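Descriptive analysis of the structure
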Amino acid sequence: MSAEAVSYDLEIEGMTCASCASRIEKRLNRMEGVAATVNYATEKAHVEVAPGIAVEDLISEVVRTGYAAALPREDDAPDVDPAYRLLRLRLIVAAVLAVPVIVLAMAEPLQFPGWQWVSLALATPVVTWAAWPFHRAAVLNARHRAVTMDTLISVGVGAAYLWSLYALFFGTAGMWGMTHPFRFTIERGDGLGSIYLEVAAGVTMFLLLGRFLEQRSKRRAGAALRALGELGAKDVSVLRDGREERMPLERLAVGELFVVRPGEKIATDGIVREGSSAVDASMLTGESVPVEVRAGDSVTGATVNVGGRLVVAATRVGADTQLARMARLVEEAQSGKAEAQRLADRLSAVFVPIVFAISALTLVVWLLVGGGAAAAFTAAVAVLIIACPCALGLATPMALLVGTGRGAQLGVLIKGPEVLESTRRVDTIVLDKTGTVTTGRMTLVDIIVADGEDSSDVLRYAAAVEEASEHPIAQAIVRGATERLGDLPAVADFRNLPGRGVTGIVDSRAVIAGRPSLLEDWALRLDGELASAFDSAEANARTAVVVAWDGRVRGVLVVADQVKPTSADAIAALRELGLRPVLLTGDNERAARSIAGVVGIDEVRAGVLPEGKVEVITVLQARGAVVAMVGDGVNDAAALAQSDLGIAMGTGTDAAIEASDLTLVRGDLWGAVDAIRLARRTLGTIRGNLFWALAYNVAAIPLAALGLLNPMLAGAAMAFSSVFVVLNSLRLRRFRSAAGEMVR
């Protein structure tokens, strides 16, 4: 596409499987001057078109393909989605009506006179209205000469229902007092004396359950973008003619001056014109140390002013801000991620045509050997009925329900079945440093004092002057002092010198706490052991604060972002799972290498800007790696979405959590170990369920083709296959945390 190309994002409705997305994509790409990608997971199409092609033409092409399309609406909310509410209603109605039908068919003592007609009345709304999404998809597939699991479901449900109608009205199944004896025998039976209403209603109910669970996870696809949108300020204090005027952020123009008070969010990207302060950018960057800014420095929208009053000139507003660019990165990463196709749909590409072929062959062979039209049709329909995958509808949702339930107990939240496929293939795990490997909170870690000084006095006086400061480093010192010493003395004549330190009078002593440059104003020098301690702290990526009073340097306080105590062992466990750890951070190379050495990581990507994290993931993927990403900041959101498996710390921001595939409620890396182990175990259970669900069907197809399938034996086989799937899925409840096993 040329530079003049126009891009559109369309919301697509009506897709039921990955083949639908592929069909729409091919149809759009056949249009001249159009390049389109359609994502089944997010139900969106990203289309780039040459000038002159209207969006209405694109929508019309999608409609001609058999689906609906529209431009995204700003006021769309996931909790009022009419399609989702209708699907939920179909599931509820199907469950209420289908359960009595199944119970009546399987429990002979409950089969009262006329029970079959009651079953017909209950099953009819399920087979027609509740199962309508499957019938509609089957018709669309037929128009495009394609078959999917929807085709088999529709045909199987329809065959079971129509044959039951024929048996009730033209056979012996409708006789008053008729019952289904519960016999486990393989014998040729009278097709006109059997009904399969429980099969038609039960399959519909179970498959709607699976569709509902899938849709519930897909509805959250846009939540990361909403979280980013809600992160920024909503209004701003604009400075006009020397007066402040509060107004909605949308009315702010480039070049206008606005005021940011301590504790407020900076409304948009800009340049500081007046004032100085410390700006906490952790919500965007994830880095714990605030940045000192003064006149001439750039600031970013959505970051927090933690110090003095600032006057800022707006340089970018609206869609041009860094926050908006990060939102676009998340959206592009989500739409560009290859959707995980459901395993049942993959199997259907082979299984469905084979079943139809066997059914047709059965009909022809019975007619050729003189078996009679009724017997031939009975056997052919029996093949379709037994092949209809009742247990297959339970295979994925049941394992997912148990797996996600157990995960929630262990602090691991799995968003949906499409997540699981990635966990099996992941071979590289990228770990954001701050808040993931480290605590993300500054902590007092060391006190070094000059000869003859008491460490308690050094800490007490330093904390007393720092207590009046809102700077996170100052607050770390205050927390450390109050934990060790209790109450602190009062400070007088407090002064805050941004970027340098603080001064004040404590117990009649002039106390200085800050950088070595501040000492020079008081004709003091840092030398000897204290100078070595200061240099050592800086070399190890820690922050050192010099303390002096009464004309003498008394000590050095060291503050650092601490490595979480569980990180090293958890990273070793990740290696045992076959994953190569990579440390990713915006910190400098020296700081990053220091942390990596503590936790046992060899590969480091340091000095990475927020936009660059996506690039790091993309480069690793281009080299053939299947990448998992663990992060907690808004700056991690796009990288989490771009990665093959995004894992967010639950202690992180909403944007990071919503952009991820797995969320760890507890804030340590053992959660990542458990998440990958549990996801792999759940995927293995789903695969086992799918195999056995199909095995029951495949084993019974020859019996059906030979006319030996007793109706109740077929019902019992289906019931047993469903019970097996449930029991196999319940084994996931015994999953144990790797951290707990190590403790034992």
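For every chain, the first residue of the written sequence is number 1, and numbering continues from 1 onward in sequence order. The model is predicted, so local features are restricted to residues of pLDDT at least 70 and side-chain atom pairs to those at 80 or more, both for listing and for counting; the totals for chains, interfaces and linings are taken over all residues. Only hydrogens and water are set aside; all other atoms, that is, all heavy atoms of the structure, feed into the side-chain values.

An unreviewed UniProt entry lists the chain under the name Cu+-exporting ATPase, from Microbacterium phyllosphaerae. According to its UniProt record, the chain has this under Sequence similarities (unreviewed entry): "Belongs to the cation transport ATPase (P-type) (TC 3.A.3) family. Type IB subfamily." UniProt positions are given in the numbering used here, feature names are shortened, and annotations may be inferred rather than shown by experiment.

Turning to the overall build of the chain, a few remarks are in order. Each helix is a run of DSSP H or I of at least 4 residues and each strand a run of E of at least 2, with the numbering of both proceeding from the N terminus. From N to C terminus, the chain includes 27 helices and 26 strands. When the 744 residues of the chain are sorted by exposure, 52% land in the buried category. Considering only intrachain contacts with a sequence separation of at least 6, the fraction spanning at least 24 residues in the chain is 70%. The protein chains shown are the only cover counted for residues, whose accessible areas, like all others here, come from Shrake-Rupley with a 1.4 Å probe. As presented, the chain carries roughly 31,500 Å² of accessible surface, and 56% of it is formed by carbon and sulfur atoms. Here the term buried applies to any residue with accessible area under 20% of the maximum for its type, exposed to any over 50%, and partly exposed to those in between, with areas from a 1.4 Å probe on protein chains only. By definition in these notes, contact holds between two residues if any of their heavy atoms fall within 4.5 Å.

This part covers the environment of R309. Tracing the backbone through its elements, the reader meets R309 in the loop between β12 (304-305) and β13 (310-316). Along the primary structure R309 and E274 are separated by 35 residues, whereas in three dimensions their C-alpha atoms are 8.2 Å apart. Setting aside chain neighbours within four positions, we find R309 in contact with E244, V259, V260, P262, E274, G275 and S276.

On the UniProt side, "transmembrane region" (unreviewed entry) is annotated at positions that read residues 89-107, 113-132, 152-175, 195-213, 347-369, 375-402, 690-709 and 715-732 here. Measuring from the first to the last C-alpha atom of residues 89-107 gives 28 Å, for a span that is 95% helix and 0% strand.

The pairing criterion for strands is at least two bridges between them, as found by DSSP. Ordered by their spatial adjacency, 6 strands build an open sheet running β6-β5-β7-β13-β8-β11, and the pairing between neighbours is antiparallel. On the outer flanks of this sheet lie β6 (243-248) and β11 (298-299), each paired with one strand and no other. As paired elements, strand β7 (residues 257-260) and β13 share 4 bridges and run antiparallel to each other. Looking at the pairing, V260 lines up with L310 of β13.

To continue, consider the sheet that holds strand β19 (residues 509-514). Spatially, β16-β21-β20-β19-β18-β17 is the arrangement adopted by the 6 strands of the open sheet, whose pairing is antiparallel. Every other strand in the sheet has two partners, leaving β16 (438-449) and β17 (492-497) as the edge strands with one partner each. Geometrically, the sheet is characterised by an average inter-axis angle of 20 degrees between neighbouring strands, direction not taken into account. For helices, the fitted line uses only the C-alpha atoms of the stretch in contact; every axis is such a line through C-alpha atoms, and the angle between N-to-C directions lies from 0 to 180 degrees. Running at roughly 65 degrees to β16, helix α17 (residues 472-485) makes contact with β16, β20 (543-549) and β21 (552-563) of the sheet.

Moving on, we come to a nonpolar patch on the surface. Each patch is assembled from residues with relative accessible area greater than 30% and no salt bridge, linking like charges that lie within 9 Å and nonpolar side chains (Val, Leu, Ile, Met, Phe, Trp, Tyr) that lie within 5 Å. By salt bridge we mean one thing: a side-chain nitrogen of Lys or Arg within 4 Å of a carboxyl oxygen of Asp or Glu. A surface patch of nonpolar side chains, about 500 Å² in accessible area, is lined by L361, V364, V365, L368 and V369. Position of L368 among the secondary structure elements: in helix α11 (residues 343-368).

Right, let's get into the pairing of strand β24 (residues 627-631). With 5 of 5 residues buried, β24 is to be regarded as a mostly interior element. Here 4 bridges tie strand β15 (residues 428-432) to β24, and the two strands are oriented parallel to one another. Within the sheet, the bridge partner assigned to I429 lies in β24 and is A628. Sheet topology places β24 next to strand β25 (residues 645-649); 4 bridges connect them, and they run parallel. Looking at the pairing, G631 lines up with A648 of β25.

Let's shift gears to helix α25 (residues 670-705). Taking 1.5 Å per residue as the helical rise, α25 with its 36 residues ought to reach 52 Å, and the 53 Å between its terminal C-alpha atoms agrees with that figure. Directly after α25, the chain includes G707, whose backbone phi takes a positive value near 75 degrees. To estimate how far a helix should reach, multiply one less than its number of residues by 1.5 Å.

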